[in-house]
Amino acid sequence: MSDTPKLTLSDLADKVPAPFAPWVADYGPVFLKWTAEDFKRWLELLISGDWQEAYGQLVNSMDHAGRISEWGKINAELKTVNADNAARMDIQRQAALTFLKIALAIGLAAFGF
């Protein structure tokens, strides 16, 4: 049996830098239930640059409500990114169309129309 005292979410929030404290409610329960070996494996993934697998390990360790919450956050971010991308694509289409109109005018003039 370990003599290491168990941290609470409140204790953990007090130990992290203030800007990170709000995230303790979302991710703290995972770290508090992990073993040192779990954390070591996760840290090795981060160090090796395998951030997707590290994120997967974190999410897969969440309870059902935590996963649903996480998926909701990601979905909201994806909607924003998709809307931004759609606006950029529209600008690109408009620029291409403008170029083609100019090229058409030049072509028509070149062939005497």
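Every value quoted in this text rests on a predicted model; they were computed, and no experiment measured them.

**Some words on the packing of helix H4 (residues 51-60) against helix H5 (residues 64-110)**
Working step 1: Taken N-terminus to C-terminus, the directions of H4 and H5 make an angle of 135 degrees; their axes are 9 Å apart at the nearest point. Considered as vectors, H4 and H5 are oriented oblique to each other. Every residue of H5 that contacts H4 at Tyr55, Val59 and Asn60 is listed here: Arg67, Glu70, Trp71 and Ile74.
Working step 2: Partitioned by chemical class, the residues of the contact of H4 with H5 number 4 nonpolar, 1 polar and 2 charged.

**Concerning the nonpolar core**
Working step 1: The biggest cluster of nonpolar side chains holds 8 residues, and these are Tyr27, Val30, Trp34, Trp42, Leu45, Ala54, Leu58 and Met62.
Working step 2: Counting residues per element, the ones that place at least two in this core are helix H2 (21-33), helix H3 (36-47) and H4.

**As for the side chain of Gln57**
Working step 1: As for its placement among the helices and strands, Gln57 is situated in helix H4.
Working step 2: Beyond its immediate sequence surroundings of up to four residues, Gln57 is in contact with Trp34, Asp38, Arg41, Trp42 and Leu45.

**Here's the deal with the pattern of salt bridges**
Working step 1: This structure, assessed with the given rule, holds 6 salt bridges.
Working step 2: A salt bridge links Arg93 to Asp90; the nearest nitrogen and oxygen atoms lie 4.0 Å apart. Taken together, the residues Arg93 and Asp90, both in helix H5 and 3 residues apart, mark about one turn of the helix.
Working step 3: Here Arg93 falls in the exposed class, since its relative accessible area comes to 53%.
Working step 4: A single salt-bridge network, built from bridges that share partners, covers Asp26, Glu70 and Lys73.

**Observations regarding H4**
Working step 1: Buried within H4 we find Ala54, Gln57, Leu58 and Val59.
Working step 2: Along its buried surface, H4 packs onto H2, H3 and H5.

**Let's talk about the packing of aromatic side chains**
Working step 1: Across all of its chains, the model carries 6 aromatic pairs by this definition.
Working step 2: Seen in terms of ring centroids, Phe31 and Trp42 are 5.1 Å apart; in terms of plane orientation they differ by 75 degrees. Their pairing is edge-to-face. Highlighted residues: Phe31 in helix H2 and Trp42 in helix H3, separated in sequence by 11 residues.
Working step 3: According to the relative accessible area criterion, Trp42 is buried, its value standing at 13%.
Working step 4: Taken together through their ring pairs, the aromatic side chains of Phe31, Trp34, Phe39 and Trp42 make up a single cluster.

Parameters and conventions
Residues numbered from 1 in each chain as written. Predicted model: local features only at pLDDT ≥ 70, side-chain atom pairs only at ≥ 80, totals over all residues. Heavy atoms only, no water. Axes fitted to C-alpha atoms, helices over the stretch in contact; angles between N-to-C directions. Helix = DSSP H or I, 4+ residues; strand = E, 2+ residues; numbered from the N terminus. Parallel < 35°, antiparallel > 145°, perpendicular 65-115°, else oblique. Contact = heavy atoms within 4.5 Å. Nonpolar A, V, L, I, M, F, W, Y, C, P; charged D, E, K, R; others polar. Core = buried A, V, L, I, M, F, W, Y, C linked by side-chain atoms within 4.5 Å. Buried < 20%, exposed > 50% of the residue type's maximum accessible area, 1.4 Å probe, protein only. Salt bridge = Lys/Arg side-chain N within 4 Å of Asp/Glu carboxyl O. Phe/Tyr/Trp six-rings, centres within 6.5 Å; stacked < 30°, edge-to-face > 60°.

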